[in-house]
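Below, each chain spelled out in residue letters.
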Amino acid sequence: MLRHAGRLWDWIDKRDIDKHVVTIYILWGTKVLTDWAMVFAVTNATRPGLEVAAIIAAVTGPYMALQAAAIKYYFESRPTQ
């Protein structure tokens, strides 16, 4: 059983499927976070614009740092030809 799991992981690792899945998941998270930010901005029309922008920046900033690090890793780990 473990030998089959090892061969499966070798197959996945050889094709960099794990990096592709992580990248797609992080980009999907960016879409979800952007959707939330748009809904938050529209539904909080009574707050001052600067306050809404500060809240959105506080929520999205850390995720964008994660996104930048993951995308950088993805492109730097790909072999160049």
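Residues numbered from 1 in each chain as written. Predicted model: local features only at pLDDT ≥ 70, side-chain atom pairs only at ≥ 80, totals over all residues. Heavy atoms only, no water.

Undergrad: Got a minute to help me understand the overall build of the protein chain in this structure?
TA: Per the secondary structure count, the protein chain includes three helices and zero strands. For the protein chain, the sequential pattern of α-helices and β-strands runs α-α-α. Since a compact globule built from 81 residues should have a radius of gyration of about 12 Å, the 19 Å found for the protein chain marks it as more spread out than a globular shape. Counting only C-alpha atoms and orienting by the principal axes, one finds that the protein chain spans roughly 60 × 30 × 15 Å. The buried share among the 81 residues of the protein chain stands at 21%. A sequence separation of at least 24 residues applies to 62% of the contacts in the protein chain between residues at least 6 apart. For the protein chain, the separation between the mean place of its 9 positive charges and that of its 7 negative charges on side chains is 7 Å. (Helix = DSSP H or I, 4+ residues; strand = E, 2+ residues; numbered from the N terminus. Rg over C-alpha atoms; globule rule 2.2 N^0.38 Å. Buried < 20%, exposed > 50% of the residue type's maximum accessible area, 1.4 Å probe, protein only. Contact = heavy atoms within 4.5 Å. Lys, Arg positive; Asp, Glu negative; His and termini not counted. Charge placed at Lys NZ, Arg CZ, Asp CG, Glu CD.)

Undergrad: Where do I start with the confidence of the model for the protein chain in this structure?
TA: Detailed conclusions should not be drawn from predicted coordinates in areas where pLDDT is low. Chain-level statistics for the protein chain give a pLDDT mean of 88 and a share of 95% at 70 or above. The least confident element of the protein chain, judged by mean pLDDT, is helix 1 (residues 2-14) at 82; the most confident is helix 2 (residues 17-43) at 92. (pLDDT = per-residue confidence, 0-100.)

Undergrad: Any chance you could explain the pattern of salt bridges here in plain terms?
TA: Any two side chains of opposite charge can pair, given that their charged atoms come close. Taken as a whole and assessed by the stated rule, the structure comprises four salt bridges. Between Arg-47 and Glu-51 there is a salt bridge, with the nearest N and O atoms lying 3.1 Å from each other. When its relative accessible area of 33% is taken as the criterion, Arg-47 is described as partly exposed. Taking the relative accessible area as the measure of exposure, Glu-51 reaches 36% and is therefore partly exposed. (Salt bridge = Lys/Arg side-chain N within 4 Å of Asp/Glu carboxyl O.)

Undergrad: Please clarify how the packing of helix 2 against helix 3 (residues 49-77) should be interpreted in this entry.
TA: Between two packed helices, both the angle of their axes relative to each other and the distance between the axes serve to describe the pair. The geometry of helix 2 relative to helix 3 is characterised by a closest axis approach of 10 Å and an angle of 165° between their N-to-C directions. By the angle between their directions, the pair helix 2 and helix 3 is classed as roughly antiparallel. Our pair here, helix 2 against helix 3, has a crossing hand that is left-handed. In terms of residue class, the contact of helix 2 with helix 3 is made up of 19 nonpolar, seven polar and one charged. (Axes fitted to C-alpha atoms, helices over the stretch in contact; angles between N-to-C directions. Parallel < 35°, antiparallel > 145°, perpendicular 65-115°, else oblique. Left-handed = near helix turned anticlockwise from the far one by under 90°. Nonpolar A, V, L, I, M, F, W, Y, C, P; charged D, E, K, R; others polar.)

Undergrad: For this particular structure, what's the right way to read a nonpolar patch on the surface?
TA: Together, Tyr-25, Trp-28 and Val-32 make up an exposed nonpolar region whose accessible area comes to about 360 Å². Tracing the sequence through the fold places Tyr-25 in helix 2. Judged by its relative accessible area of 56%, Tyr-25 falls in the exposed class. (Patch = residues over 30% accessible without salt bridge, like charges linked within 9 Å, V, L, I, M, F, W, Y side chains within 5 Å. Areas by Shrake-Rupley, 256 points an atom, 1.4 Å probe, with all protein chains shown as cover.)

Undergrad: Help me understand helix 2 in this model?
TA: Three or four residues apart is the spacing at which side chains of an α-helix point the same way, because the helix has 3.6 residues per turn. The end-to-end C-alpha distance of helix 2 is 39 Å, a good match for the 39 Å that 27 residues give at a rise of 1.5 Å each. Considered for burial, the residues of helix 2 that qualify are Lys-19, Thr-23, Ile-26, Gly-29, Thr-30, Leu-33, Ala-37 and Phe-40. Those residues of helix 2 that are buried lie in contact with helix 3. (Expected span 1.5 Å × (residues − 1).)

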